[in-house]
Amino acid sequence: MYLTLRLLRSFGCRFSVPGIFFTVVTCTAMVDLVLALGMADCTQLGRFYLHTGEEYFKTGWGFWTLLWDGTAHYCLQAFLAYVFLTGRSAELIGLVWSGSIINSMPVLLLGAAVGGFSEDIKPSTALNAPYVLVPILFLWRVLTKPSESQVAKPHSVFELKSSPCALIARMLLLIFHNLAILVHVFRAMAVLGSKARIAVDFAELDPLLGWVDDGSHGFIKVQLVQSFFYFIPFHALALSHLIAPNSLVHQVSMSRWALVFVGAYLQAEVTHIGASGMRWDDFGVFHLRWDQLGPTFWCIHLGLVGGSVLFAAWTAAIGRSTEQDGSA
């Protein structure tokens, strides 16, 4: 350990607990990528772990979760390790990473506990404990320090408070957040087995909600119930922010929370779409069912991601405009 620290310092790095943590989890993300490649029969490495350790990964949802961790999380964590070890700051990337990790871990653990692998949960599941606690502490650390965006920008693309473009964007975002709330309500009803007509119709639009024999169904059930309690309050706050941007909601850094939910939506939709379109049957054997996903399915899932990204861009632009007005 001492020699490692000396080597890091020789390259201009400094000791940092977050830097060390992100260095370690970058390595574990590579392990997840190897496991995903093993499930696709690209390598024999890691198969023993899938047989004797976390068997619940042997589903379509598990494959896409491992792939997401081994690619997106790997890149985010490697960048965060670099910036912390070199004394720099990366608030925006850290918020997206926090949202993605915090959104995925409860689904992984609870989905394993209620799904088809619930009888075979091994002690190795406890290896995920740091990923539950540390991202929450990291997010708290970021949210309680001054924002990087408090530095006034030299120019603004357009006047956000009164321009026609701003009014149109605000109206579109108001529609998006209202529709997103309805989507989360109907999806939760459908995945919990509601017989209401709207829930039955929604299950037909999003077929994985009704495929109860699919190995991914337990994870999707937890994901959508979690989203009901996790995303709806965010969209309600976002509506308040759009209606009254100078209210208390604006003071609690909506732009930061918007980035957290961008990360959460990216993780949730990649795994949901992937598990809907591909069922993992055996190593290298996937049952493809993309043709069963209609245009409405794609509009809903891509719309949730796109709307969250646009809202994050909106809140960032509003923040810059407000700061420029205050410094004028």
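All values reported here derive from a predicted model rather than from experimental measurement.

What counts as what
- Numbering of residues begins from 1 in every chain and follows the order in which that chain's sequence is written.
- pLDDT decides what is reported in this predicted model: residues at 70 or higher carry local features, side-chain atom pairs at 80 or more are listed and counted, and totals for whole chains, interfaces and linings draw on all residues regardless.
- For side-chain calculations, the full set of non-hydrogen atoms in the structure is used, while hydrogens and water are omitted.
- Each patch groups residues whose relative accessible area exceeds 30% and which form no salt bridge, using 9 Å between like charges and 5 Å between nonpolar side chains of Val, Leu, Ile, Met, Phe, Trp and Tyr.
- Note on areas: these come from Shrake-Rupley sampling with a 1.4 Å probe, and a residue is covered only by the protein chains present in the view.
- By convention in these notes, a salt bridge is any Lys or Arg side-chain nitrogen within 4 Å of a carboxyl oxygen on Asp or Glu.
- Under the scheme used here, helices are H or I runs from DSSP no shorter than 4 residues and strands are E runs no shorter than 2 residues, and both carry numbers assigned from the N terminus.
- We define a nonpolar core as any set of buried Ala, Val, Leu, Ile, Met, Phe, Trp, Tyr and Cys residues linked to one another through side-chain atoms lying within 4.5 Å.
- Three labels apply to residues, based on accessible area from a 1.4 Å probe with only protein chains included: buried if under 20% of the type maximum, exposed if over 50%, partly exposed otherwise in between.
- By the convention used here, residues are in contact when the closest approach between their heavy atoms is within 4.5 Å.
- For two strands to be treated as a pair, DSSP must find no fewer than two bridges joining them.
- Aromatic pairs are defined between Phe, Tyr and Trp rings, using the six-membered ring for Trp, whenever the two ring centres lie within 6.5 Å; interplanar angles under 30 degrees are classed as stacked, those over 60 as edge-to-face, and all others as tilted.
- Comment: the charge-over-ring label is applied if NZ (Lys) or CZ (Arg) is within 6 Å of the ring centre and within 35 degrees of the ring normal.

A. Quick peek at a nonpolar patch on the surface. Together, Ile168, Leu172, Ile175, Leu179 and Leu182 make up an exposed nonpolar region whose accessible area comes to about 480 Å². As for its position among the elements, Ile168 is in helix H7 (residues 164–191).

B. The nonpolar core, seen in detail. Phe22, Trp61, Leu80, Trp97, Leu209, Leu304 and Phe311 are the most contacted members of the largest nonpolar core, which totals 73 residues. Sorting elements by how many residues they give to this core places helix H9 (residues 217–243) first, with 10 residues. With residues near it in sequence (within four places) discarded, Phe311 still touches Leu173, His177, Phe234, Ala238, His241, Leu242, Met254 and Ala258.

C. Structural view of the pairing of strand E2 (residues 285–288). Both strand E1 (residues 278–282) and E2 contribute to a ladder of four bridges, which runs antiparallel. Bridge pairing in E2 links Trp280 to Phe286. With antiparallel pairing between neighbouring strands as the criterion, E1 and E2 make up a hairpin whose turn holds two residues, including Gly284 at a positive phi of roughly 80 degrees.

D. Molecular detail of the environment of Phe297. Considering the arrangement of structural elements, one finds Phe297 in helix H12 (residues 295–327). The spacing of Phe297 and Leu205 is 92 residues in sequence and 5.8 Å in space, taken between C-alpha atoms. With residues up to four places along the chain from it excluded, the contact list for Phe297 reads Leu205, Asp206, Pro207, Ile273 and Ser276.

E. How the structure looks around the packing of aromatic side chains. Scanning all chains against the criterion turns up 23 aromatic pairs. Relative to Trp97, the ring of Phe21 lies with its centre 6.4 Å away and its plane at 75 degrees, an arrangement referred to as edge-to-face. Taken as a pair, Phe21 in helix H2 (residues 17–39) and Trp97 in helix H5 (residues 91–114) lie far apart in primary sequence, 76 residues in all. You'll find Phe21 and Trp97 in the same group, each marked buried. By way of ring pairs, the aromatic residues Tyr230, Phe231, Phe234, Phe261, Tyr265 and Phe311 are connected into one cluster. Against the face of Phe283 rests Arg47, its NZ or CZ located 4.3 Å from the ring centre.

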